[in-house]
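Okay, here's what each chain looks like letter by letter:
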Amino acid sequence: MTKMPNPRNRDIFKRLLTYVADLKGIFIISALALVAYAIVDATFLYLIRPFIDEGFAATPTPSIVDGIEVANTHGFKSDSNVLKIAPFIVIGLFILRGFFNFVATYGVSYMSTRVVETMRQQVFDHILRLPVSFMDKMSPGELISKVTYDTEQIARASGNTLVTLIRDGVSVIAYLGVMFSMSWKLSLCILIIVPLIGVVVSVVNKRLRKVSRQIQNAMGTVTAASEQMIKGHKNVLIFGGQKTESARFAKVNKYNRYQNMKLATVQAISQPTVMVISSLALGAVIYAASLDSLHDELTAGIFAAMLSTMLALLQPIKNLTRLNAEFQRGMTACATVFELIDTPAEKDEGTHEVERVAGDIKFDNVSFSYPEQEKLALDQVSLEVKQGRTLALVGRSGSGKSTIASLITRFYGELREGQIMLDGIDIHDYSLKGLRSQIALVSQQVTLFNDTIANNIAYAYPGEVTREQVIEAATLAYAMEFIERLPDGLDTEIGENGVMLSGGQRQRIAIARAILRNAPVLILDEATSALDTESEKAIQKGLDNLRRNRTSIVIAHRLSTIENADEILVIDQGKVVERGNHKSLLEQNGMYAKLYQMQFGG
């Protein structure tokens, strides 16, 4: 009785079927096995009639009384050998039943796991192509929930739904066939429940779909709250925020339970309702059998088979009714996953490719605002940095320094006005891969992977990389100083995001990665702002090696790190308010001079 009540559900279901398009063979075999399974059950119920009517046929044995043959009502014998072969028939049917069940279960499980694997990979790969502007708005917990929880719901929709729909659907049809073959008059009683169940299912469908979407959202919130606490565990401990986080999680956890209870309530009401309706049909059959007009047409075998079949019919009807809730949850999960998959990826309309750029960068009256924000993050910014030279950007937090770096890498889309050029060519004319292959980025927030130090340094390196290249990059980054002291050297596993390393050590690995990449353009986004003086000195040496013969844009908080820059721009509220070298800016006694005095006291 599972059905798709609206075009949206039908469209989603059709799209889901495309994921099993290359599994047609397994689908057909599994479907045939499910059909055969249901037919075997129906065959067993059909054989109840001959087992009783022929196996226990009451043929009176004759007796001789005063030379006259009379019927002996106390002695009966069976003229049939049905009971002798019945055990073999039953055993054979159950062997077939078990075989078909195995084939169907294995086949459907194979298909559903393949669907989940394919869909998860598709979701994961699509997330990799989504624009930064979209990721800024999404909670990581919500995305993780879509990759894990939502796809599991889809597995149930594509697995359990298929099994129940085919097996129990065929069972209902086969059981009805058995009943009508024995007594069509009694069988008509069962037809009264079909319209009533249809009404119940259609009403419940709408409610289930709404509640299922709320459950998906609630689960994403639970994941997000968990992730937030885990990532900020040290801060929670140091600030004594256990009660705050516990209360926050309790709120979303309670809301999730509330939504699940709403779903359970709908199921708890719908299933007994269907069972009560079904019992009306069963009661009608029993009552009809007592009527004189039908009583003479029935045998003990027919009545027993009819009753057994009707009782057996209740279970597939119940399964089909319960299936509706799971199907709706699966379709809702499909809708949320497909919505993510349909989110437009980064625009990549550029076609220009070059093996290696010179590195000349120019901003020509660039104005930019972030998506859904009216305020300009950059307002008429113009700058130019020639090949091999260093441009430093300084200013208060939120002034627009990092925005400039993000626009060079095309992390954000269209400009309000102006143009950004690399070697005299608009950066939007480059392909994304081609553009970003020319840029190395080292930021304050270093991202390392749960792998060896060597593999982290060589992360996503195009082509083959030798051990000697990794060692050379690590040496120039002054990272071999601590790597050689580790138990396994470059082969040391560093844990999730380099948890086993200090901040300075992680930073030096990031510098080594950038050195190995050997890109002509380098962006340093406050790469030393969170380090102690000793670590900063070591890293500064590595950065000096990294900047050699490269066009560098340095976003700095500590002014001591950019004193030797070829040009320094002071950014304030998205505008360039001062420009010059370190000496000339101090002589201007403007914003740069004030920032310098605040840091160095004179």
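Just so we're clear, the structure is a prediction, and the values are computed from it rather than from any experiment. (Residues numbered from 1 in each chain as written. Predicted model: local features only at pLDDT ≥ 70, side-chain atom pairs only at ≥ 80, totals over all residues. Heavy atoms only, no water.)

Draft legend 1. Representation of the overall build of the protein. Summing up its helical and strand segments, the protein has 21 helices and 12 strands in all. Here the protein, with 602 residues, has 47% of them falling under the buried criterion. For the protein, the proportion of contacts with a sequence separation of at least 24, taken over those separated by at least 6, is 78%. As displayed, the protein has an accessible area near 31,300 Å², and 57% of this comes from carbon and sulfur atoms. (Helix = DSSP H or I, 4+ residues; strand = E, 2+ residues; numbered from the N terminus. Buried < 20%, exposed > 50% of the residue type's maximum accessible area, 1.4 Å probe, protein only. Contact = heavy atoms within 4.5 Å. Areas by Shrake-Rupley, 256 points an atom, 1.4 Å probe, with all protein chains shown as cover.)

Draft legend 2. Region of interest: the pattern of salt bridges. Throughout the structure, instances matching the rule amount to 15 salt bridges. The closest approach of N and O atoms between E481 and R508, which form a salt bridge, is 3.6 Å. One end of the pair, E481, is in helix α17 (residues 480-483); the other, R508, is in helix α18 (residues 503-517), and 27 residues separate them in sequence. For R508, a relative accessible area of 10% gives the class buried. (Salt bridge = Lys/Arg side-chain N within 4 Å of Asp/Glu carboxyl O.)

Draft legend 3. Layout of unusual backbone geometry. Despite not being glycine, A460 shows a phi value in the positive range, around 55°. Within the secondary structure, A460 is located in the loop between α15 (453-457) and α16 (467-476). For N518, which is not glycine, the phi torsion reads 55° and is therefore positive. Its place among the elements puts N518 in the loop between α18 and β9 (521-525).

Draft legend 4. Quick peek at the packing of aromatic side chains. Throughout the structure, instances matching the rule amount to eight aromatic pairs. A ring pair is formed by F102 and Y106, whose centres lie 6.1 Å apart and whose planes are at 25°; its orientation type is stacked. A residue pair is termed a helical-turn pair when its members lie 3 or 4 positions apart in one helix, as F102 and Y106 do in helix α4 (residues 82-129) at four residues. Accessibility expressed as a relative area gives 55% for Y106, which makes it exposed. (Phe/Tyr/Trp six-rings, centres within 6.5 Å; stacked < 30°, edge-to-face > 60°.)

Draft legend 5. Region of interest: the side chain of T343. Position of T343 among the secondary structure elements: in the loop between α12 (300-341) and β3 (361-368). Of the residues examined, T343 reaches a relative accessible area of 15% and is grouped as buried. Side-chain polar atoms of T343 contact the backbone oxygen of E339, separated by 3.1 Å. When residues no more than four places from it in sequence are discounted, the contact partners of T343 are H126, L130 and F134. (Polar contact = N/O pair within 3.5 Å; in protein donor to acceptor, adjacent residues only side chain to side chain.)

Draft legend 6. Up close: the sheet that holds strand β6 (residues 417-422). Taken together, four strands build an open sheet; the order of strands is β4-β3-β6-β7 and the sheet is antiparallel. Strand pairing shows two members of the sheet lacking a second neighbour, β4 (378-385) and β7 (425-426), which therefore form its edges. Bridge analysis of β3 against β6 gives five bridges, and the strand direction is antiparallel. Counterpart to I361 in the pairing with β6 is L422. The sheet contacts of helix α13 (residues 401-408) involve β3, β4 and β6, and relative to β3 the element is tilted by about 115°. (Pairing = 2+ DSSP bridges. Axes fitted to C-alpha atoms, helices over the stretch in contact; angles between N-to-C directions.)

Draft legend 7. Structural detail: the nonpolar core. If you look at the biggest cluster of nonpolar residues, it comprises 45 residues, and the most contacted ones within it are I457, L546 and I562. Here this core gets seven residues from one element, more than from any other, and that element is α18. Once you skip the residues sitting within four places of it in the chain, L546 turns out to touch V442, I511, A514, I515, L522 and L524. Ranked by size, the runner-up nonpolar core spans 34 residues in total, among them L34, F327, A333 and L340. (Core = buried A, V, L, I, M, F, W, Y, C linked by side-chain atoms within 4.5 Å.)

Draft legend 8. Molecular detail of the side chain of S399. Topologically, S399 is positioned in the loop between β5 (390-394) and α13. With near-sequence residues (within four places) excluded, S399 lies in contact with A377, I571, D572, Q573 and G574.

Draft legend 9. Quick look at a negative patch on the surface. Together, D348, E349, E353 and E414 make up a negatively charged patch on the protein surface. Relative to the helices and strands, E349 is located in the loop between α12 and β3. (Patch = residues over 30% accessible without salt bridge, like charges linked within 9 Å, V, L, I, M, F, W, Y side chains within 5 Å. Lys, Arg positive; Asp, Glu negative; His and termini not counted. Charge placed at Lys NZ, Arg CZ, Asp CG, Glu CD.)

Draft legend 10. Local environment of the pairing of β6. The pairing of β6 with β7 spans two bridges and is classified as antiparallel. Looking at β7, one finds that L422 is bridged to I425. Two successive antiparallel strands, β6 and β7, enclose a turn made up of two residues, where D423 displays a positive phi of approximately 60°.

Draft legend 11. Seen up close, the sheet that holds strand β11 (residues 567-572). As summarised here, the arrangement of the six strands in space is β8-β9-β10-β5-β11-β12, forming an open sheet in which the pairing is mixed. Of all strands in the sheet, those bounded by a partner on one side alone are β8 (439-443) and β12 (575-580). Each adjacent strand pair in this sheet contributes to an overall mean axis angle of 15°, direction not counted. Where β5 meets β11, four bridges bridge the pair, whose relative direction is parallel. Opposite A392, over in β11, you have I568 as the bridge partner. α13 rests against β5, β8, β9, β10 (551-555) and β11 of the sheet, and its axis sits at about 145° to β10. This element, helix α21 (residues 591-600), spans β5, β11 and β12 of the sheet and lies at about 95° to β11.

Draft legend 12. Fine view of the packing of helix α2 (residues 24-46) against helix α6 (residues 140-182). Direction vectors running N to C along α2 and α6 enclose 30°, while the axes themselves pass 8 Å from each other. As α2 runs across α6, the sense of the crossing is right-handed. Contacts between α2 and α6 involve F27, A31, L34, V35, Y37, A38, D41, A42, L45 and Y46 from the first element and L162, V163, I166, R167, V170, S171, A174, Y175, V178, S181 and M182 from the second. (Left-handed = near helix turned anticlockwise from the far one by under 90°.)

Draft legend 13. How the structure looks around the pairing of β3. Here β3 runs beside β4; their pairing, made up of five bridges, is antiparallel. Within β4, the residue paired with V366 across the bridge is V381.

Draft legend 14. Summary view of the UniProt feature "transmembrane region" (unreviewed entry) in the protein. Using the residue numbers shown here, the UniProt feature "transmembrane region" (unreviewed entry) corresponds to residues 21-40, 85-104, 161-178, 184-204, 263-286 and 298-314. End-to-end, the C-alpha atoms of residues 85-104 are 29 Å apart, and along that stretch the chain is 100% helix and 0% strand. (UniProt positions renumbered as here; feature names shortened; annotations may be inferred.)

Draft legend 15. Expanded view of the environment of T390. With respect to the secondary-structure elements, T390 resides in strand β5. Among the residues examined, T390 registers a relative accessible area of 13% and is labelled buried. The spatial distance from the C-alpha of T390 to the C-alpha of V554 is 7.3 Å, given a sequence separation of 164 residues. In contact with T390, other than residues within four places in its own chain, are R547, S552, V554, A565, D566 and E567.

Draft legend 16. Up close: α6. Along its 43 residues, α6 runs 61 Å from first to last C-alpha, staying within 8% of the 63 Å computed at 1.5 Å per residue. Bending of α6 peaks at approximately 40° at the position of K146. (Expected span 1.5 Å × (residues − 1). Bend = angle between axes of the 7 residues up to and from the residue.)

Draft legend 17. Layout of α21. Turning to α21, its buried residues are M591, Y592, A593, L595 and Y596. Where α21 is buried, its residues touch β5, β11, β12 and α20 (582-588).

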